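Listed below are the residues making up each chain.
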Amino acid sequence: RAHYLSAYSLIAPQRMRPGDVEGPVSYLRLASVIKKISHDSQGDLRDLFRRMVFNIAIANTDDHLKNHGFLHLGSDRYMLSPAFDLIPHLGQTSAMALIVGRFGQEATFDNALSMCDRFGLTTSAAIEIVQEVATVASRAGSYFRDAGVAPLDAAILAAACNRPGARLHATEAKPRASRGLSQ
C-alpha cells in the first residue's frame with residue numbers, strides 16, 4: 001500500500017501570498033512541486049502535461065488540486081499518482097479549474113502550449129503530445145460505445161471530447177503571443 005499526498009495538501013493554496021503571479025491553483029505550480037519532490041521529475045512533468053492536455057481535450061474542467069497528487073515511494077521519494085476522476089463536463093468547457101498557461105484558465109491546447117517549457121518540453125515535443133491526445137479524444141465515441149455506453153449518451157460525451165474550442169490550435173507550430181496570466 002502506498003501513501004497518497006494530494007497536490008492541495010502540498011501547495012496549501014489557502015496560505016499563498018496575494019498577488020502571486022502564477023496563482024496557487026495552477027498546473028505551473030504543480031510542475032514546480034514535481035521538480036522539488038519527484039523521483040523522476042522529467043517523466044512526471046511530461047505525464048502532468050499530457051494529463052493537462054487530456055483534461056482540456058475531454059472538457060474535464062473539474063481538474064482541481066485534490067484531483068492530482070503523489071504516491072510516496074519511501075524516504076523522500078514521490079511520484080505523480082495515476083490520473084483519476086477524468087470526466088467530461090458538458091456544461092462548462094471553456095475554463096479549467098486550474099490555471100493552464102499564459103491565458104489563465106482558458107481550456108485550449110494553445111494555452112497548454114504557451115508555457116510548455118515549464119514542463120521541460122520543447123514546443124515540438126509538446127505539440128506532438130497535443131496531437132497524440134487529440135487523436136485519442138477524436139475516437140471517444142467509439143471508446144464509449146465499446147464500453148457499453150448507450151448510443152445517445154456516447155454521442156453526448158463524444159461531443160464534449162471533440163469540441164472545436166480545444167482542437168482549434170492543436171496543430172499550430174507556434175503558440176499565439178502572450179496576453180499575460182489572468183487569475
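Up top is the structure these notes are about.
S.K.: Describe in detail unusual backbone geometry, supporting the description with residues and values.
M.R.: For residues that are not glycine, phi is negative in most cases, and the peptide bond is trans in most cases. The residue Ala-59 is not glycine, and still its phi comes out positive at about 60 degrees. Tracing the backbone through its elements, the reader meets Ala-59 in the loop between helix H3 (41–57) and strand E2 (69–74). Backbone geometry places Asp-85, a non-glycine residue, at a positive phi of 55 degrees. In this fold, Asp-85 is placed in the loop between strand E3 (77–80) and helix H4 (109–113). Note on Asp-85: relative accessible area 33%, which makes it partly exposed.

S.K.: Give me the sheet that holds E3: which residues, what numbers.
M.R.: Reading across from one edge, E1-E2-E3 is the order of the three strands in this open sheet, with antiparallel pairing throughout. Either end of the sheet is taken by a strand with one partner, and the two such strands are strand E1 (4–6) and E3. Between one strand and the next, the sheet's axes are offset by a mean angle of 35 degrees, whatever the strand orientation. Strand direction decides the pairing type here: E1 and E2, joined by three bridges, are antiparallel. Residue pairing across strands places Leu-5 opposite Phe-70, the latter belonging to E2. Together, E2 and E3 form the strand contacts of helix H2 (residues 27–37), whose direction differs from that of E2 by roughly 5 degrees.

The rules behind these values
- Residues numbered from 1 in each chain as written.
- Predicted model: local features only at pLDDT ≥ 70, side-chain atom pairs only at ≥ 80, totals over all residues.
- Heavy atoms only, no water.
- Helix = DSSP H or I, 4+ residues; strand = E, 2+ residues; numbered from the N terminus.
- Buried < 20%, exposed > 50% of the residue type's maximum accessible area, 1.4 Å probe, protein only.
- Pairing = 2+ DSSP bridges.
- Axes fitted to C-alpha atoms, helices over the stretch in contact; angles between N-to-C directions.
- Contact = heavy atoms within 4.5 Å.

Geometric values such as these leave the question of function open.
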